[in-house]
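Descriptive analysis of the structure
Single-letter residue listing:
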Amino acid sequence: MASLPFLPYGRQSVEEDDIAAVAAVLRGDWLTQGPAVAGFERALAARVGAAEAVACANGTAALRLAYAALCIGPGDAVVVPSNTFLATASAARHAGAEVAFADVDPDSGLMGVAEAEAAIARARKAGWRVRALAPVHYAGQTAPTAALAALAQAEGLALVEDACHAIGTVDLSGGHERPVGAGWPEVEAGSLTVFSFHPVKTIAAGEGGAVTGNDPALMARVRRLCNHGMMREPQAGEGFTDPDAALDAEGNPNPWYYEMAEPGFNHRLSDIHAALVLSQLGRLDRFVERRSRLMALYAGRLAPLAPLVRPPALVPGCRPAWHLCAARIDFPAAGRTRSAVMAGLRALGVGTQVHYIPVHRQPYWRRRYGDLALPGAMSHYAHTLSLPLFPAMADDDVDRVAAALERVLS
Ligand SMILES: *Cc1c(COP(=O)(O)O)cnc(C)c1O
């Protein structure tokens, strides 16, 4: 067993046509903000059924742009489930806002309506102006988004879906098929979806991210903030102080002209990265299919290890594009610590990872908010172990993982 190649918990699948796409950019005229970025934005918007996509440097930048475009700032709060990567919360803090950490379902790791409501109530008691819900579509399954969208609308909040795990997932919670990223136009305070194309995610840019949405004004703001807050066209009513620079004799903007209504970021994606992720997007359906197949094999192969090991519970209301195989393991009942199980698996050539240490437990947040009681997130954390899942895995790699688990737990 140990002589087989090491199985990481996740791995990108880069093929020859991806390499050719990147090489073509390197031979061309634009290394950044050229046709690959524009092409990727069009293809992504079409794929997820959104009016528009803005490509950006990574998922963290996408979160930062989404919060900033919604004018979330000091005195405001964003509801974030504690079972997520650091960035969902940090990006809100960088905007100056507070984070109202929400609990999650201990099995699925997802924030539901009751958990969101409890976080809203706590935030309001603290005197914060709650501005947005930021559900995280953990492991590729969706939080109950239709109900969360209804809650957001009822409470006058925006909805920022952290879909870094969930490109390709189809949400069914609204009673019909809605690809994650299509957004919830009924949320009047704003609906944006955020993606990451880090190599461990379902499609890879190297580093990359995107924001999708349908509201033209909100998306224009995302786009502007992504590029220094710059506009090439004189904006009526913005009170620019150098009218000479604005227009040429024909009434067109002069080539050097730009104006800034608010400070932005440089969170742009390069054409090099865009070419890779555009090429990868063309294989998304294949990747999703392969991941589903592997998850089905896991369900069968892990069944004999119940109740010590359970595959992730399938939640109603979505058809997941599985990002993680976050198995539930009863370590105390197995008489093994998670650390020992991970080390034992590693020795047998099987990589695993833990998603996630609840964010509210991080020293920064504990200093800021003290010790919150979020038992669902703590229970989810205590039982979770992400097993290898990536498209290039062979069917019998699943057997290998299950056999290794059986050996380590026995
Ligand atoms: C990966 C990830 C991010 C951050 O994306 P980067 O591209 O790494 O910046 C944010 N939220 C979640 C849930 C993620 O998994």
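Residues numbered from 1 in each chain as written. Predicted model: local features only at pLDDT ≥ 70, side-chain atom pairs only at ≥ 80, totals over all residues. Heavy atoms only, no water.

Here's the deal with the packing of helix H12 (residues 338–347) against helix H15 (residues 395–409)
The relative placement of two packed helices is expressed as an angle between their axes plus a distance between the axes. Across the interface, H12 lies against H15 with an axial gap of 9 Å and an inter-helix angle of 130 degrees. In terms of axis orientation, H12 runs oblique to H15. Seen along the crossing, H12 lies across H15 with a hand that is right-handed. Where H12 approaches H15, its residues Ala-340, Val-341, Gly-344 and Leu-345 are matched on the opposing element by Ala-404, Leu-405, Val-408 and Leu-409. Taken together, the residues of the contact of H12 with H15 break down into 7 nonpolar, 1 polar and no charged. (Axes fitted to C-alpha atoms, helices over the stretch in contact; angles between N-to-C directions. Helix = DSSP H or I, 4+ residues; strand = E, 2+ residues; numbered from the N terminus. Parallel < 35°, antiparallel > 145°, perpendicular 65-115°, else oblique. Left-handed = near helix turned anticlockwise from the far one by under 90°. Contact = heavy atoms within 4.5 Å. Nonpolar A, V, L, I, M, F, W, Y, C, P; charged D, E, K, R; others polar.)

Points about the domain arrangement of the protein chain
Domain annotation of the protein chain identifies domain 1 (16–229 + 262–281) and domain 2 (284–409). With centres defined by C-alpha atoms, the gap from domain 1 to domain 2 works out at 24 Å. Each side of the interface is counted separately: domain 1 has 43 residues, and domain 2 has 38 residues. Summing both sides of the interface, domain 1 and domain 2 together bury roughly 3,500 Å²; the carbon and sulfur share of this comes to 57%. One can count 4 salt bridges joining domain 1 with domain 2. Our count for the domain 1 to domain 2 interface comes out at 25 residue pairs in polar contact (both at pLDDT 80 or more). Its residues assigned to classes, the side of domain 1 that touches domain 2 comprises 18 nonpolar, 15 polar and 10 charged. (Domains from an automatic or database assignment. Buried area = accessible area lost by both parts, 1.4 Å probe. Salt bridge = Lys/Arg side-chain N within 4 Å of Asp/Glu carboxyl O. Polar contact = N/O pair within 3.5 Å; in protein donor to acceptor, adjacent residues only side chain to side chain.)

Looking at the nonpolar core
Ranked by size, the top nonpolar core spans 41 residues in total, and within it Tyr-67, Val-78, Val-99, Phe-101, Val-160, Leu-192 and Val-222 carry the most contacts. A per-element tally of this core places helix H3 (residues 59–69) first, with 8 residues. Split by domain, this core shows at least three residues from each of two domains, domain 1 (16–229 + 262–281) and domain 2 (284–409). Ranked by size, the runner-up nonpolar core spans 30 residues in total, among them Leu-294, Val-341, Val-354 and Leu-389. (Core = buried A, V, L, I, M, F, W, Y, C linked by side-chain atoms within 4.5 Å. Buried < 20%, exposed > 50% of the residue type's maximum accessible area, 1.4 Å probe, protein only.)

As for the sheet that holds strand S1 (residues 52–56)
In spatial order, the strands read S1-S9-S8-S5-S4-S2-S3; together these 7 strands make up an open sheet with mixed pairing. The outermost strands of the open sheet, each flanked by one partner alone, are S1 and strand S3 (98–102). Direction aside, the axes of adjacent strands within the sheet are offset by 30 degrees on average. Here 4 bridges tie strand S2 (residues 76–81) to strand S4 (residues 129–133), and the two strands are oriented parallel to one another. (Pairing = 2+ DSSP bridges.)

Focus: the pattern of salt bridges
Under the defined criterion, the tally for this structure stands at 23 salt bridges. With its nearest N and O atoms 2.8 Å apart, the salt bridge here joins Arg-124 to Glu-155. Taken together, the residues span a long stretch of sequence, with Arg-124 in helix H5 (residues 113–125) and Glu-155 in helix H6 (residues 145–155) at a distance of 31 residues. On the basis of relative accessibility, which here comes to 39%, the residue Arg-124 falls in the partly exposed class. Linked through salt bridges whose partners overlap, the residues forming this network are Glu-15, Asp-17, Asp-18, Arg-283 and Arg-286.

A short note on the sheet that holds strand S12 (residues 309–310)
Spatially, 3 strands are ordered S12-S14-S15 in an open sheet, and the strand pairing comes out antiparallel. Where the open sheet ends on each side, the last strands, each with one partner, are S12 and strand S15 (384–387). One ladder, built from 2 bridges, connects S12 with strand S14 (residues 325–329); its direction is antiparallel. Its bridge partner being in S14, Arg-310 is matched across the sheet by Arg-328.

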